[in-house]
Structure formats: C-alpha cells, structure tokens
Amino acid sequence: MIASLRGPVLHIALDHLVIECAGVGYRVLATPSTLAAVQRGSETTLLTTMIVREDSMTLYGFTEPDARELFALLQTVTGVGPRLAMATLAVLEPDSLRMALADSDIKALCTVPGIGKRVAERLAVELRDKVDRPSAGPRAHEGAGAPMGVGDQVVEALTGLGFPLPAAERAVASVLADEPDADSAKALRASLALLGKGTR
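Reading the values: rules and limits
Residues numbered from 1 in each chain as written. Predicted model: local features only at pLDDT ≥ 70, side-chain atom pairs only at ≥ 80, totals over all residues. Heavy atoms only, no water. Axes fitted to C-alpha atoms, helices over the stretch in contact; angles between N-to-C directions. Helix = DSSP H or I, 4+ residues; strand = E, 2+ residues; numbered from the N terminus. Parallel < 35°, antiparallel > 145°, perpendicular 65-115°, else oblique. Left-handed = near helix turned anticlockwise from the far one by under 90°. Contact = heavy atoms within 4.5 Å. Pairing = 2+ DSSP bridges. Salt bridge = Lys/Arg side-chain N within 4 Å of Asp/Glu carboxyl O. Buried < 20%, exposed > 50% of the residue type's maximum accessible area, 1.4 Å probe, protein only. Arc of directions from axis to C-beta. Patch = residues over 30% accessible without salt bridge, like charges linked within 9 Å, V, L, I, M, F, W, Y side chains within 5 Å. Areas by Shrake-Rupley, 256 points an atom, 1.4 Å probe, with all protein chains shown as cover.

A.B. asks: Outline the packing of helix α2 (residues 65-74) against helix α3 (residues 82-91), listing residues and values.
C.D. replies: With their axes 9 Å apart at the nearest point, α2 and α3 run at an angle of 135° to one another. Relative to α3, α2 is oriented oblique. As for the relative orientation of α2 and α3, their crossing is right-handed in sense. Here α2 contributes Ala-67, Leu-70, Phe-71 and Leu-74 to the contact with α3, which in turn contributes Pro-82, Ala-85, Met-86, Thr-88 and Leu-89.

Here it is as structure tokens:
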C-alpha cells in the first residue's frame, strides 16, 4: 500500500497531479485545496490513500494528515465512496467538516452534491462521536490560484465529479461574476454549493 509520495511535481491538472518518485510518475487525485498548495517543478510530499478495485488502482493525495483521516472516516459510512468523500472535502475544509459532524449540522452537509438529507443524517449519527470539535473556528483556506484559468479548471473538476458541462459552466460563470478574484478552491466550493441547491 502506498502511504506517501515525495518528489517533484511534473504536472497539475484540474482534479489530479503527477508526482515523480524514483523515476516513476504517479497520478494522484486531489481536491482543489491540495492542488492549489503545490507548484509544478517543486518537490512536495503527499500523504496518500490507495483504493484498489477490480478494474483500477487509484491514489488520492492530501497535504494534511487530518484531511486523509477524514477521507477514510467518511467512507466507513454506507453509501459514501471515495468520489463522494473527495467531493465532501472539496466543499468543506477539515475543520468545517468536523464542526458539521460534531454539531449534526445537516444543512452544511447537504451543501455537498450527492449528499441528500438521508445520507447527511447517517453521516452525523455515525460520525459525530468519532470526530473532535475544532478548538478554533474553521480555517479559511487561502490557496494560491493555479496559473491556468480558474474558470476552466473548476468546470473540468465539476464535470469530473459527474455534473453536465452546461450546468457546470453556468454555475462557474455565476460564481466568478460575483467573486472574480476567487481562487480555484473557493470557486469550486461555491460552484458545488450552487449546483447542490439546484439539484434539490
């Protein structure tokens, strides 16, 4: 099992990066917050979780152990797989997620596309006693935006999560019209929240 990777970042895409270790390039899926925290050409260390299925082996990467722990914890709940766990961490920063679970904040959990009231209630019931309440308020993530267009980056990330291209483009355009200086992580969270409202 691959638990971590260290090496230069060869490529940063909209939902993943490629990191070279001992001459091998590893494709690692990551949230916009993680992608915004790394730079192409610079050496970085990623904590990883490897998900092995019959037809695939997929690496998920994180810069903080807290995010990786929550990624694994979310998947202990029935109906939550790696894709939905990543979407949750894309919308809610670790401290915000811990707070939502500890407080059984169904409304906050339902801002994640793919999480309806029933799944949100299941998450709260099963995980509220397994998380520690953050000692301070949620940390605002101030990641540096990617050099490529934020709009294009977020649209591709949304379509990768399963949203139709037209809906993704409309949501991103709306978000960037209101917050033209938003970085990729902030724009994706806002777009996901907007699309989530539209699906319920």
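A.B. asks: Please set out the sheet that holds strand β1 (residues 4-12) residue by residue, giving values where relevant.
C.D. replies: Spatially, five strands are ordered β1-β2-β3-β5-β4 in a closed barrel, and the strand pairing comes out mixed. For this sheet, the mean angle separating the axes of adjacent strands, direction not counted, is 55°. Two elements, β1 and strand β4 (residues 43-53), share five bridges in a ladder whose sense is antiparallel. Counterpart to Leu-5 in the pairing with β4 is Leu-46. Strands β4 and β5 (56-62) of the sheet are contacted by α2, whose axis makes an angle of about 10° with β4. Relative to β5, α3 is tilted by about 15°, and along the sheet it contacts β3 (24-29), β4 and β5.

A.B. asks: I'd like a description of the pattern of salt bridges, backed by residues and values.
C.D. replies: Oppositely charged side chains can pair when the atoms bearing their charge come close. Tallied over the entire structure, the rule returns five salt bridges. A salt bridge links Glu-69 to Arg-98; its shortest N-O distance comes to 3.8 Å. Taken together, the residues span a long stretch of sequence, with Glu-69 in helix α2 and Arg-98 in helix α4 (residues 94-102) at a distance of 29 residues. Residues Arg-189 and Glu-93 are paired through a salt bridge, measuring 2.9 Å at the closest nitrogen-oxygen approach.

A.B. asks: Please provide a residue-by-residue account of helix α6 (residues 117-127), values included.
C.D. replies: Within the sequence span of α6, burial applies to Val-119, Ala-120, Leu-123, Ala-124 and Leu-127. Relative to the axis of α6, the buried residues are bounded by an arc of 135° and lie together on one face. Opposite the buried face of α6, by more than 90 degrees, sit the exposed residues Lys-117, Arg-118 and Val-125. Considering only its buried residues, α6 is in contact with α2, α4 and α5 (106-109).

A.B. asks: Would you mind going over the side chain of Thr-34 in detail, with residue names and values included?
C.D. replies: Within the secondary structure, Thr-34 is located in helix α1 (residues 32-36). Using a relative accessible area of 6% as the deciding quantity, one classes Thr-34 as buried. Beyond its immediate stretch of four places on either side in the chain, Thr-34 contacts Leu-46, Gly-61, Phe-62 and Thr-63.

A.B. asks: So what's going on with the environment of Ile-51? Which residues, and what values?
C.D. replies: The topology assignment puts Ile-51 in strand β4. C-alpha of Ile-51 to C-alpha of Glu-93: the two residues are 42 residues apart in sequence and 22 Å apart in space. The residues contacting Ile-51, other than those within four sequence positions of it, are Ser-56, Met-57, Thr-58, Tyr-60, Gln-75 and Pro-82.

A.B. asks: Now, about a nonpolar patch on the surface: what can you tell me, with residues and values included?
C.D. replies: A contiguous nonpolar patch, built from Met-1, Val-52 and Met-57 and spanning about 400 Å² of accessible area, is present on the exposed surface. Tracing the chain through its elements places Val-52 in strand β4.

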